Amino acid sequence: MFDARGVNVGQSQPTSDYWQGDEAKYSQTYLQGNGAMFIDDINYDASTRNFLVQVSLTISSAANDNPIGGVTIGIDIEKALMTYYSPNE
């Protein structure tokens with residue numbers, strides 16, 4: 001998760017990159033406003049040793065729908081494809 005300035009405010013694992021404001025996950029979500037979604041390219045993540053795609057969404061205030069930050073979720077593409085394409089089909 002990142003705030004309105006692109007600074008990490010929560011993550012599932014420690015990171016050395018605490019500022020997301022210079023990345024597409026910030027510029028294509030928070031800066032685009034309420035309801036924005038960004039799906040990044042598939043990339044190899046050396047820390048997990050998996051191919052991931054990141055999906056980012058704007059988070060908005062429940063009180064007035066103003067954007068307050070964003071969230072990024074990493075999806076393991078290999079697991080997603082194995083679930084979708086059963087080897088028995």
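What counts and how
- Residues numbered from 1 in each chain as written.
- Predicted model: local features only at pLDDT ≥ 70, side-chain atom pairs only at ≥ 80, totals over all residues.
- Heavy atoms only, no water.
- Helix = DSSP H or I, 4+ residues; strand = E, 2+ residues; numbered from the N terminus.
- Buried < 20%, exposed > 50% of the residue type's maximum accessible area, 1.4 Å probe, protein only.
- Contact = heavy atoms within 4.5 Å.
- Salt bridge = Lys/Arg side-chain N within 4 Å of Asp/Glu carboxyl O.

Caption draft 1: Region of interest: the overall build of the protein chain. Summing up its helical and strand segments, the protein chain has two helices and five strands in all. N-terminal to C-terminal, the α/β element order of the protein chain is β-α-β-β-β-β-α. Referenced to the eigenvectors of the C-alpha coordinate spread, the extents of the protein chain come out at roughly 50 × 30 × 20 Å. Residues classed as buried in the protein chain amount to 26% of the 89 residues present. Put simply, of all contacts in the protein chain between residues at least 6 apart along the chain, 31% involve residues at least 24 apart.

Caption draft 2: A look at the pattern of salt bridges. On inspection of all chains with the given rule, the structure shows two salt bridges. A salt bridge links Asp3 to Arg5; the nearest nitrogen and oxygen atoms lie 3.0 Å apart. Arg5 sits in the exposed class, given a relative accessible area of 60%.

Caption draft 3: Spatial organisation of the side chain of Asn8. Within the element layout of this structure, Asn8 appears in the loop between β1 (2–3) and α1 (24–27). Setting aside residues up to four positions removed in sequence, Asn8 forms contacts with Met1, Phe2, Thr15, Asp17, Tyr18 and Gln20.

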